[in-house]
Amino acid sequence: MERTVLDLWVGIFVAAGIAALLVLALKVGSAGTTFNVGETYRVAAEFDNIGGLKVRAPVKSAGVVVGRVDDIQFENQRFVARVVMKIDQRYQFPKDTSVSILTSGLLGEQYIGLEAGGDSAMLKDGDKLKITQSAVVLEKLIGQFLYNKAAEGGAK
Amino acid sequence: MPERVLKNLRGIGHEVVNGIWRLGYASRFFLLTLARSATSFRRFGLTIKEIYFAGVLSLIIIIVSGLFVGMVLALQGYETLQKYGAAEAVGTLVALSLTRELGPVVAALLFASRAGSAMTAEIGLMKATEQITAMEMMAVDPIARVIGPRFWGGVLSMPLLAAMFSVVGVFGGYLIAVVLIGVDEGAFWSQMQNAVDFRQDVVNGVIKSMVFGVAVTAIALFEGYDAPPTAEGVSGATTRTVVTSSLAILGLDFVLTAFMFKGI
């Protein structure tokens with residue numbers, strides 16, 4: 001086969017392969033959200049129980065994803081879970097923002113919900129959020145419900 | 001009786017020694033190919049020709065298989081997922097299976113049977129017709145001139161073929177799930193994008209396909225170079241290429257998966 005035809009075909013092949021890699025990265029995967037590492041700030045929060053929260057779980061406010069969970073560690077001094085979140089620099093929250101661990105859907109994944117407070121000072125990199133609400137543990141909820149039922153039955 | 005035991009023991013010993021000798025020979029051959037691959041890049045035209053034979057000519061089978069694998073995954077996944085009311089997750093299922101496992105593995109299996117066997121047969125026949133000896137006579141290094149460009153052509157083609165397989169597969173899944181069955185298009189793509197991580201899934205898939213590319217081409221070239229110079233020898237070597245490289249792909253895939261996804 002002639003050299004130029006060969007080169008053309010190989011060129012098409014390599015270009016299509018690289019295009020396929022780009023599609024995998026951008027359309028199938030979510031490289032867009034992983035790349036903007038420089039434009040985030042980190043805040044920490046402590047929870048009594050994080051349930052099934054995982055690293056890279058979304059941080060949402062009003063249902064919009066504003067960041068990701070960056071790190072989860074067990075704090076051995078006070079026996080709580082310390083969760084570090086990376087929040088997009090474009091979104092600023094007051095210092096008294098409350099954090100809770102919520103579940104999307106009945107059996108869905110767990111995420112962190114931020115509810116803005118009224119403080120005029122904004123959160124900075126390395127701050128700690130003080131108002132936290134732990135994940136709901138289904139067994140505890142059922143236990144409490146049964147206990148309340150029993151207490152009602154006793155009162156009658 | 002002891003005669004027979006001794007004979008059997010000698011047979012086992014012979015097999016083991018032979019196997020280890022062959023393994024050592026294959027490793028030396030592989031290292032020699034790497035050491036003399038400068039020619040493949042200095043005269044890149046040779047490598048381009050091999051990319052054409054290994055990569056471009058494998059495109060049809062890769063694209064058609066990818067499309068059908070994606071479509072079947074979507075059909076089967078939808079059947080099961082809709083029982084739990086999670087039909088939108090079919091995009092996640094198709095994309096994760098393809099980028100993590102099926103893309104690299106099935107593309108490499110097809111590559112081994114389409115391009116690997118051709119390489120073995122070609123080199124085996126070159127050896128049988130004494131072309132390789134003739135090159136040595138003319139002071140042309142056959143490893144640098146024949147083996148090297150084929151090796152790099154295969155290694156460079158494999159990740160590209162695997163990526164195309166995955167993309168076409170995802171497109172096939174989209175055709176079945178969204179166009180044919182009518183899963184919501186926005187949910188299909190957004191759930192997929194949420195679940196597929198660039199570093200964890202896409203990059204690991206590419207690393208896998210690179211490893212498979214090296215394994216398949218190295219096995220194919222070695223079997224061809226080592227083939228007895230007869231018609232039976234070449235046919236046996238071609239069969240061994242397909243069997244050995246398929247087993248190598250599956251074994252390596254297990255090891256790589258165990259390392260890459262152990263935390264999940």
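The numbers attached to residues start from 1 for each chain and follow its sequence in the written order. By the order in which they are written, chains take letters starting at A while ligands take numbers starting at 1. Per-residue local features are limited, in this predicted model, to residues with pLDDT of at least 70; the limit for side-chain atom pairs, both in listing and counting, is 80 or more; totals at the level of whole chains, interfaces and linings are taken over all residues. In computing side-chain values, all of the structure's heavy atoms are included and hydrogens and water are not.

Engineer: Honestly, the pattern of salt bridges in this entry has me stumped. Any pointers?
Structural biologist: Between side chains of opposite charge, a pair can form as their charged atoms come close. Residue and element names in this part refer to chain A. We define a salt bridge as a side-chain nitrogen of Lys or Arg found within 4 Å of a carboxyl oxygen belonging to Asp or Glu. Applying the stated criterion across every chain, the model contains 16 salt bridges over all chains. Note that Asp88 and Arg90 form a salt bridge whose closest N and O atoms lie 2.9 Å from each other. Three exposure classes are used, based on accessible area relative to the maximum for each residue type with a 1.4 Å probe and protein chains only: buried under 20%, partly exposed in between, and exposed over 50%. The class for Arg90 is exposed, based on a relative accessible area of 63%. Because the salt bridges share partners, they merge into one network encompassing Glu46, Glu75, Arg78 and Lys128.

Engineer: Would you take a moment to explain the side chain of Ser209(B) for this structure?
Structural biologist: All names here are of chain B. Each helix is a run of DSSP H or I of at least 4 residues and each strand a run of E of at least 2, with the numbering of both proceeding from the N terminus. Locating Ser209 in the fold gives a position in helix α9 (residues 198-226). Residue Ser209 is classed as buried on the basis of its relative accessible area of 0%. At 2.8 Å, the side chain of Ser209 and the backbone oxygen of Val206 are in polar contact. In this description, contact between two residues means that some pair of their heavy atoms is separated by no more than 4.5 Å. In contact with Ser209, not counting residues within four places along its chain, are Pro104, Met158, Pro159 and Ala162. N or O atoms closer than or at 3.5 Å make up a polar contact, with two conditions inside protein: a donor-capable atom paired with an acceptor-capable one, and, for residues adjacent in sequence, both atoms drawn from side chains.

Engineer: Help me understand empty space enclosed by the protein in this model?
Structural biologist: Unoccupied space between atoms shows up once a probe the size of one water molecule is rolled over them. Any residue with an atom within 4 Å of a point lines the site, the site being either a cavity, points on a 1 Å grid over the protein atoms alone where a 1.4 Å probe fits but cannot get out, or a pocket, an open set with protein on both sides within 12 Å along at least 5 of 7 lines. Grid points are joined across faces, edges and corners, and a volume is the space filled by probe spheres set on the points. Under the counting rule described, the total for this entry stands at one cavity of 30 Å³ or more. Taken together, Leu21(A), Leu24(A), Thr99(B), Pro104(B), Pro159(B), Ala162(B), Ala163(B), Ser166(B), Val202(B), Gly205(B), Val206(B) and Ser209(B) make up the full set of residues lining the largest cavity. Broken down by secondary-structure element, the contributors of at least two residues to the lining of the largest cavity are α1 (3-28) of chain A together with α5 (90-128), α7 (142-181) and α9 of chain B. When grouped by side-chain class, the residues that make up the lining of the largest cavity number eight nonpolar, four polar and no charged. Only Asp, Glu, Lys and Arg are considered charged in this grouping, and only Ala, Val, Leu, Ile, Met, Phe, Trp, Tyr, Cys and Pro are considered nonpolar; every other residue, Gly among them, is considered polar.

Engineer: Explain the interface of chain A and chain B to me, please; I cannot follow it from the model alone.
Structural biologist: Accessible area lost upon the coming together of the parts serves often as the stated size of an interface. Taken together, the contact pairs 26 residues of chain A with 27 residues of chain B. When two parts are brought into contact, each loses some accessible area as probed by a 1.4 Å sphere; the total of that loss over both is the buried area. Ranking the residues of chain A by area buried against chain B places Phe13(A), Leu24(A) and Val28(A) at the top, with a combined share of 31%. For the side of chain A that touches chain B, the secondary-structure elements that each account for two or more residues are α1 and α2 (31-35) of chain A. It is α1(A) that contributes the most residues to the side of chain A that touches chain B, 18 residues altogether.

Engineer: I keep staring at the confidence of the model for chain A and nothing clicks. Help me out?
Structural biologist: Note on scores: pLDDT gives the predictor's confidence for each residue, bounded by 0 and 100. The predicted model of chain A averages 83 in pLDDT, with 89% of residues at 70 or higher. Model confidence for chain A, summarised as mean pLDDT per element, is weakest for α2(A) at 51 and strongest for strand β4 (residues 80-88) of chain A at 90.

Engineer: Any chance you could explain unusual backbone geometry here in plain terms?
Structural biologist: The general pattern is negative phi for most residues beyond glycine and trans for most peptide bonds. Residue and element names in this part refer to chain A. Backbone geometry places Ala62, a non-glycine residue, at a positive phi of 55 degrees. Looking at the secondary structure, you find Ala62 in the loop between β2 (58-61) and β3 (64-75). When its relative accessible area of 80% is taken as the criterion, Ala62 is described as exposed. Positive phi values are uncommon outside glycine, yet Phe79 reaches one of about 55 degrees. Assignment of secondary structure puts Phe79 in the loop between β3 and β4.

Engineer: Help me understand the sheet that holds β3(A), please; the structure alone is not making it clear to me.
Structural biologist: Note: strands within a sheet are paired through backbone hydrogen bonds, in either parallel or antiparallel orientation. Residues and elements named next belong to chain A. We call two strands paired when DSSP finds no fewer than two bridges between them. A sheet is described by the order of its strands in space; here eight strands give the open sequence β7-β1-β4-β3-β2-β6-β5-β8, paired in mixed fashion. Two strands in the sheet have a free side with no partner beyond their single neighbour: β7 (127-129) and β8 (131-133). The sheet shows a mean angle of 30 degrees between the axes of neighbouring strands, direction not considered. Summarising the sheet, strand β5 (residues 98-103) and strand β6 (residues 110-115) pair through six bridges and their orientation is antiparallel. Along β6, the bridge assignment pairs Leu102 with Tyr111. Simply put, an axis is a line fit to the C-alpha atoms, just over the touching stretch for a helix, and the angle between two N-to-C directions goes from 0 to 180 degrees.

Engineer: How do you make sense of the pairing of β2(A) when you look at a structure like this?
Structural biologist: The two faces of the sheet receive side chains in turn, since in a regular strand these alternate between them. All names here are of chain A. Burial of the side chains of β2 extends over both faces: Pro58 and Lys60 are buried on one face and Val59 and Ser61 on the other. In this antiparallel pair of consecutive strands, β2 and β3, the connection spans two residues, and Ala62 shows a positive phi of 55 degrees. Alignment of β2 against β6, held across three bridges, turns out to be parallel. Along β6, the bridge assignment pairs Lys60 with Gly113.

Engineer: Before we go on, may I ask you to explain the packing of aromatic side chains in this structure?
Structural biologist: In this description, an aromatic ring pair is defined by two values, namely the gap between the centres and the angle between the planes. A pair of Phe, Tyr and Trp rings is counted when the ring centres sit within 6.5 Å of each other, with Trp represented by its six-membered ring. The angle between the planes then sorts it: under 30 degrees is stacked, over 60 is edge-to-face, the rest tilted. In this structure the tally under the stated criterion is 14 aromatic pairs over all chains. With 6.2 Å between their ring centres and 25 degrees between their planes, Phe41(B) and Phe44(B) make a pair best called stacked. The class for Phe41(B) is partly exposed, based on a relative accessible area of 42%. Judged by relative accessible area, Phe44(B) falls into the partly exposed class, the value being 33%. Three or more aromatic residues joined by ring pairs form one cluster here, namely Trp21(B), Tyr25(B), Phe29(B), Phe222(B) and Tyr225(B). For a ring to carry a charge above it, either NZ of a lysine or CZ of an arginine must fall within 6 Å of the ring centroid while also lying within 35 degrees of the normal to the ring plane. A cation over an aromatic ring shows up here: Lys60(A) above the ring of Tyr111(A), its NZ or CZ 4.5 Å from the ring centre.

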